[in-house]
Amino acid sequence: MFVDGLSFSFILPDRKAYAGFEDWAPGIVTTLGMIIVSLIDKEALKGTAFDEGIPWRARLFLFMGFAMLAGGFAGSVSVLVVKYVMHDLEVIDSYIGICTVVQCGLIMLSTAVLWVSQDVHDNELGI
């Protein structure tokens, strides 16, 4: 989505807003949060009697991953509002901000679907 927004904004003949690092940062933070959440093993969250420090570390990293997901999404919404909506730009000029919000929302949705669909007993077949 973000690449579509960038390519569309560069072909506009008289664009009023230019893409900067503030447009890239929410997507990067959301993607890093997705990677962190995807790397957490659900079995490590439960812990056993022999795991002394693993469950709280796994929970901490899971919290950090979800916080990065939420922070990236909130950052994309705030960039959309502050950079594009408050300056009364037309929808065609604020398309890259809309694409950033949609991109972060889709990354959050895919992370949630992946987290819910993962089963703790994936290795029952010995694969």
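Structure's up top.
Reference entry: report on the structure contained in this document. (Residues numbered from 1 in each chain as written. Predicted model: local features only at pLDDT ≥ 70, side-chain atom pairs only at ≥ 80, totals over all residues. Heavy atoms only, no water.)

The subject of this paragraph is the packing of helix α1 (residues 2–10) against helix α5 (residues 95–117). Contact geometry of α1 with α5 gives a least axis separation of 8 Å together with a crossing angle of 175°. In this view, α1 runs roughly antiparallel relative to α5, as classed from their interaxial angle. Facing F2, D4, G5, L6, F8 and S9 of α1, the residues of α5 in contact are Y95, I96, C99, T100 and Q103. (Axes fitted to C-alpha atoms, helices over the stretch in contact; angles between N-to-C directions. Helix = DSSP H or I, 4+ residues; strand = E, 2+ residues; numbered from the N terminus. Parallel < 35°, antiparallel > 145°, perpendicular 65-115°, else oblique. Contact = heavy atoms within 4.5 Å.)

Right, let's get into the nonpolar core. Ranked by size, the top nonpolar core spans 9 residues in total: V37, I40, A44, L45, A58, L62, L69, I107 and W115. When contributions to this core are tallied by element, the ones reaching two or more residues are α3 (42–46), α4 (54–85) and α5. The element that contributes the greatest number of residues to this core is α4, accounting for 3 residues. One finds F2, Y84, I96 and V101 within the second-largest nonpolar core, a separate group that totals 8 residues. (Core = buried A, V, L, I, M, F, W, Y, C linked by side-chain atoms within 4.5 Å. Buried < 20%, exposed > 50% of the residue type's maximum accessible area, 1.4 Å probe, protein only.)

Attention now moves to the environment of V29. Mapped onto the fold, V29 is located in helix α2 (residues 21–39). Taking C-alpha positions, V29 is 28 Å from L12, a pair spaced 17 residues apart along the chain. The contact partners of V29, leaving out residues within four places of it in the chain, are M68 and G72.

Its place among the elements puts K42 in helix α3. In this structure the side chain of K42 is engaged in a polar contact, spanning 2.7 Å, whose partner is the backbone oxygen of W115. Looking at K42, its side chain comes within polar contact range of the main-chain oxygen of Q118, at 3.3 Å. (Polar contact = N/O pair within 3.5 Å; in protein donor to acceptor, adjacent residues only side chain to side chain.)

Turning our attention to the packing of α4 against α5. Closest axis-to-axis distance for the α4/α5 pair is 8 Å, and the angle between their directions is 160°. It follows from the interaxial angle that α4 and α5 lie roughly antiparallel. Considering how the two elements wind past one another, α4 and α5 form a crossing that is left-handed. For the pair formed by α4 and α5, the contact residues are L62, L69, G72, F73, S76, V77, L80 and Y84 on the first element and I96, G97, I98, T100, V101, C104, G105, I107, M108, T111 and W115 on the second. (Left-handed = near helix turned anticlockwise from the far one by under 90°.)

Okay, the pattern of salt bridges next. The final tally for this structure, using the stated rule, is 3 salt bridges. As a salt-bridge pair, K83 and E22 come within 2.6 Å of each other at their nearest N and O atoms. Taken together, the residues span a long stretch of sequence, with K83 in helix α4 and E22 in helix α2 at a distance of 61 residues. A residue is classified by how much of its surface remains accessible, and K83, at 18% relative accessible area, is buried. Linked through salt bridges whose partners overlap, the residues forming this network are E22, D23 and K83. (Salt bridge = Lys/Arg side-chain N within 4 Å of Asp/Glu carboxyl O.)

Before going further, it helps to spend a moment on the packing of aromatic side chains. For the structure on display, the rule yields 1 aromatic pair. Seen from their ring centres, F66 and W115 are 6.4 Å apart, and the 90° between their planes marks the pair as edge-to-face. Here F66, found in helix α4, pairs with W115, found in helix α5; they are 49 residues apart in sequence, far enough to count as distant. Across from the ring centre of W115, 4.9 Å away, lies the NZ or CZ of K42, which sits over that ring. (Phe/Tyr/Trp six-rings, centres within 6.5 Å; stacked < 30°, edge-to-face > 60°. Lys NZ or Arg CZ within 6 Å of the ring centre and 35° of its normal.)

By themselves, these are just geometric observations and shouldn't be taken as functional.
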